[in-house]
Amino acid sequence: MIEIIKKEDCTGCHACYNVCPKECITMEHDVEGFLYPNINTKKCIGCNLCEKICPIIHQEKVDNNPLAYGCHNKNEEIRSQSTSGGIFTLIAEHVINSGGIVFGAEFDENYNVRHNSADDILGIEKFRGAKYVQSKIGDTYKQVKQLLKEDKMVLFTGTPCQIGGLKSYLKKDYCNLICQDIICHGVPSQYVWQHYKNLISKDRNIKKINFRDKSTGWKKYSLKLEFIGGRSYEEVGNENAYIKGFIKNLYLRPSCYECAYKTLNRQSDITLADFWGVEGILPNLDDNKGTSLIFINSDKGKFLFDKIKNDVVYENVHIEKSIVFNPCAIKSCIYNKKRDLFMDNYKDNNFTDFIYELTEDNPNSKLFIFIKKFMFEIKSITKIILYSSK
Ligand SMILES: Cc1cc2nc3c(=O)[nH]c(=O)nc-3n(C[C@H](O)[C@H](O)[C@H](O)COP(=O)(O)OP(=O)(O)OC[C@H]3O[C@@H](n4cnc5c(N)ncnc54)[C@H](O)[C@@H]3O)c2cc1C
Ligand code: SF4
Ligand code: SF4
Ligand code: SF4
């Protein structure tokens, strides 16, 4: 029976929860707001399937030869509603139009994030846009297995650890399954998100949340909450406390600091990401409206990309060069030493002030902004020179 000794060793993928034949595993929040398996030992028959299925205990190594492209959807409306270049929607539309089912992350009625499925074009809208909170998988792996057995085409999208969990649960490869993951910074706690969301919305009813609103541009995106009745709250990402705490790794899941999925050899068929640094690497694709970085990891991924190519503006790029400004592709986030201090005290403090205090940024300091920009430019130029000479 599965036993979690170190929190870093559980991604919350739900594979054990889905596999238990006696349904004696429940996924429960710890004090920080992350889900972990909890076993009802009275019902457990000791079959050990949960331990055998855990993708962290039994790690899968992939040997492939991924290709990388910079690209964006030709449909400007979809692109403007998407996080980067709107490629997810094109892939999902192809699967739906082929009679398939799409799984992805949506907001629930309380604006927590969970996985769900869609079988029509309208249904995939709810998955559009990155949500910077860990998504709850629930019993979606079981649903996927059932659909695959019925010969349905299935597209499963999620973080690399969620794809790892699904693949481990399924045990074998299905030709009718396509998996799409992301380059993943890490996932914030559901409790921290709920706390922040409630502070911002007060008693107003939320109509829509966009973590990556592009009205101020893709590179200087905003977090936007729209309320029923017409009001809205909007703040640019590098000033918004929630985004700042996320980027500075103050409230990520413990497994994200020691992520087992940081590699260019991925279990998914396709990987999607923001093409950070596109202006220096593929300048023709830089228009500040959102450019995707896409890895094609398998023959299935290649087949799918060929199907959507006519609707995409794209250029190929050397994979190592493509991730120069996206270290999260291959490296875990650095553990923030103030994380515990934050987690223990955020409810008793002014959220924004506390984040600024712990990240040591004074947003009003012109010198601070100047130094940050200067350092960024120097770093960018050095990296481009280094990689261009490869
Ligand atoms: C938590 C998180 C961290 C990320 N970190 C990075 C990073 O460090 N570097 C980088 O380049 N890109 C990162 N991305 C990916 C990037 O922001 C875009 O999601 C990706 O490029 C797809 O964009 P799109 O325009 O094609 O489609 P969009 O429509 O914007 O993408 C939607 C897709 O994201 C999935 N998704 C949304 N929220 C979640 C969630 N909470 N959990 C699992 N899946 C989710 C949906 O199911 C759907 O497949 C991250 C995304 C998330 C959700
Ligand atoms: S299967 Fe997933 S949720 Fe279960 S213990 Fe392993 S990593 Fe955690
Ligand atoms: S050992 Fe078997 S019955 Fe017990 S929790 Fe694990 S999967 Fe369920
Ligand atoms: S950083 Fe790694 S462990 Fe954390 S959500 Fe992403 S893939 Fe999973």
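- Per an unreviewed UniProt entry, the chain is named Ion-translocating oxidoreductase complex subunit B, and its organism is Terrisporobacter mayombei.

### Some thoughts on the overall build of the chain
So, step 1. Scanning the chain from terminus to terminus reveals 14 helices and 13 strands.
So, step 2. Relative to the globule expectation of 21 Å for 390 residues, the C-alpha radius of gyration of the chain, 21 Å, shows essentially globular dimensions.
So, step 3. Dimensions along the principal axes, computed over C-alpha positions, put the chain at roughly 65 × 50 × 45 Å.
So, step 4. Across the 390 residues of the chain, 53% fall into the buried class.

### Thoughts on the site of ligand 4
So, step 1. Near ligand 4, the surroundings consist of Pro 160, Cys 161, Cys 184, Gly 186, Val 187, Ser 255, Cys 256 and Cys 259.
So, step 2. According to the grid-proximity analysis, the pocket containing ligand 4 is the largest cavity.
So, step 3. Of the residues belonging to the shell around ligand 4, the class tally is six nonpolar, two polar and no charged.

### Comments concerning the pattern of salt bridges
So, step 1. Tallied over the full model, the rule gives 16 salt bridges.
So, step 2. Across the salt bridge formed by Arg 79 and Glu 76, the nearest N and O atoms sit 3.2 Å from each other. Of the two residues, Arg 79 and Glu 76 both sit in helix 3 (residues 76-81), three residues apart, roughly one turn of that helix.
So, step 3. Classification of Glu 76 as partly exposed rests on a relative accessible area of 36%.

### Comments concerning the site of ligand 2
So, step 1. The immediate surroundings of ligand 2 are formed by 14 residues, with Cys 10, Cys 13, His 14, Cys 16 and Cys 54 found nearest.
So, step 2. Partitioned by chemical class, the residues of the shell around ligand 2 number 11 nonpolar, three polar and no charged.

### Describing the layout of surface pockets
So, step 1. As a volume, the second largest pocket reaches approximately 700 Å³.
So, step 2. Breaking the lining of the second largest pocket down by element, the ones donating at least two residues are helix 2 (49-53) and helix 6 (160-170).
So, step 3. Of all the elements, helix 6 adds the most residues to the lining of the second largest pocket, at five residues.
So, step 4. Taken together, the residues of the lining of the second largest pocket break down into seven nonpolar, 11 polar and 11 charged.

### Here's the deal with the packing of helix 4 (residues 87-97) against helix 10 (residues 299-308)
So, step 1. As a packed pair, helix 4 and helix 10 sit with axes 10 Å apart at the nearest point and diverge in direction by 95 degrees. Classified by the angle their axes make, helix 4 and helix 10 are roughly perpendicular. Taking contact as the criterion, the partners of Ile 87, Leu 90, Ile 91 and His 94 in helix 4 are, on helix 10, Leu 304, Lys 307 and Ile 308.
So, step 2. Of the residues belonging to the contact of helix 4 with helix 10, the class tally is five nonpolar, one polar and one charged.

### As for the nonpolar core
So, step 1. Within the largest apolar cluster, 56 residues are counted, with the highest numbers of intra-cluster contacts made by Ile 209, Phe 211, Tyr 242, Tyr 251, Phe 342 and Phe 351.
So, step 2. Every element with two or more residues in this core is listed here: helix 7 (190-201), strand 8 (206-213), strand 9 (222-227), helix 8 (241-247), helix 9 (278-281), strand 12 (292-296), helix 12 (339-345) and helix 13 (351-359).
So, step 3. When residues of this core are sorted by domain, at least three fall in each of domain 1 (7-53) and domain 2 (63-359).
So, step 4. Phe 351 has contacts with Val 192, His 195, Tyr 196, Leu 199, Ala 241, Tyr 242, Tyr 251, Phe 342 and Tyr 346, leaving out every residue within four places of it along the chain.
So, step 5. Among the nonpolar cores identified, the runner-up in size contains 23 residues, and Leu 155, Ile 270, Ile 308 and Val 312 belong to it.

### Details of the packing of aromatic side chains
So, step 1. Taken as a whole and assessed by the stated rule, the structure comprises 22 aromatic pairs.
So, step 2. Aromatic side chains Phe 342 and Phe 354 sit 5.8 Å apart centroid to centroid with 20 degrees between the ring planes, which places their arrangement in the stacked category. Of this pair, Phe 342 sits in helix 12 while Phe 354 sits in helix 13, and the two are 12 residues apart along the sequence.
So, step 3. Take Phe 354: its relative accessible area is 5%, and that puts it in the buried class.
So, step 4. Stacked on the ring of Tyr 36, the Lys or Arg Lys 7 has its end atom at 4.9 Å from the ring centre.
So, step 5. Positioned above the aromatic ring of Tyr 221 is the side chain of Arg 212, whose terminal nitrogen or guanidinium carbon lies 4.2 Å from the ring centre.

### Some points on the pairing of strand 4 (residues 101-107)
So, step 1. Of all the seven residues making up strand 4, six are buried; the element is thus mostly covered by neighbouring parts of the structure.
So, step 2. Bridge analysis of strand 4 against strand 6 (residues 154-157) gives three bridges, and the strand direction is parallel. The residue of strand 6 that forms the bridge with Ile 101 is Val 154.
So, step 3. Here strand 4 runs beside strand 5 (residues 113-118); their pairing, made up of six bridges, is antiparallel. Across the sheet, the residue bridging to Phe 107 is Val 113, located in strand 5.

Rules behind the numbers
- Residues numbered from 1 in each chain as written.
- Chains lettered and ligands numbered in written order.
- Predicted model: local features only at pLDDT ≥ 70, side-chain atom pairs only at ≥ 80, totals over all residues.
- Heavy atoms only, no water.
- Helix = DSSP H or I, 4+ residues; strand = E, 2+ residues; numbered from the N terminus.
- Rg over C-alpha atoms; globule rule 2.2 N^0.38 Å.
- Buried < 20%, exposed > 50% of the residue type's maximum accessible area, 1.4 Å probe, protein only.
- Near = heavy atom within 4 Å.
- 1 Å grid on protein atoms, 1.4 Å probe; cavity = no way out; pocket = protein on both sides within 12 Å on 5 of 7 lines; lining within 4 Å.
- Sits in = over half its atoms within 2 Å of the grid points.
- Nonpolar A, V, L, I, M, F, W, Y, C, P; charged D, E, K, R; others polar.
- Salt bridge = Lys/Arg side-chain N within 4 Å of Asp/Glu carboxyl O.
- Points joined across faces, edges and corners; volume = space filled by probe spheres on them.
- Axes fitted to C-alpha atoms, helices over the stretch in contact; angles between N-to-C directions.
- Parallel < 35°, antiparallel > 145°, perpendicular 65-115°, else oblique.
- Contact = heavy atoms within 4.5 Å.
- Core = buried A, V, L, I, M, F, W, Y, C linked by side-chain atoms within 4.5 Å.
- Domains from an automatic or database assignment.
- Phe/Tyr/Trp six-rings, centres within 6.5 Å; stacked < 30°, edge-to-face > 60°.
- Lys NZ or Arg CZ within 6 Å of the ring centre and 35° of its normal.
- Pairing = 2+ DSSP bridges.

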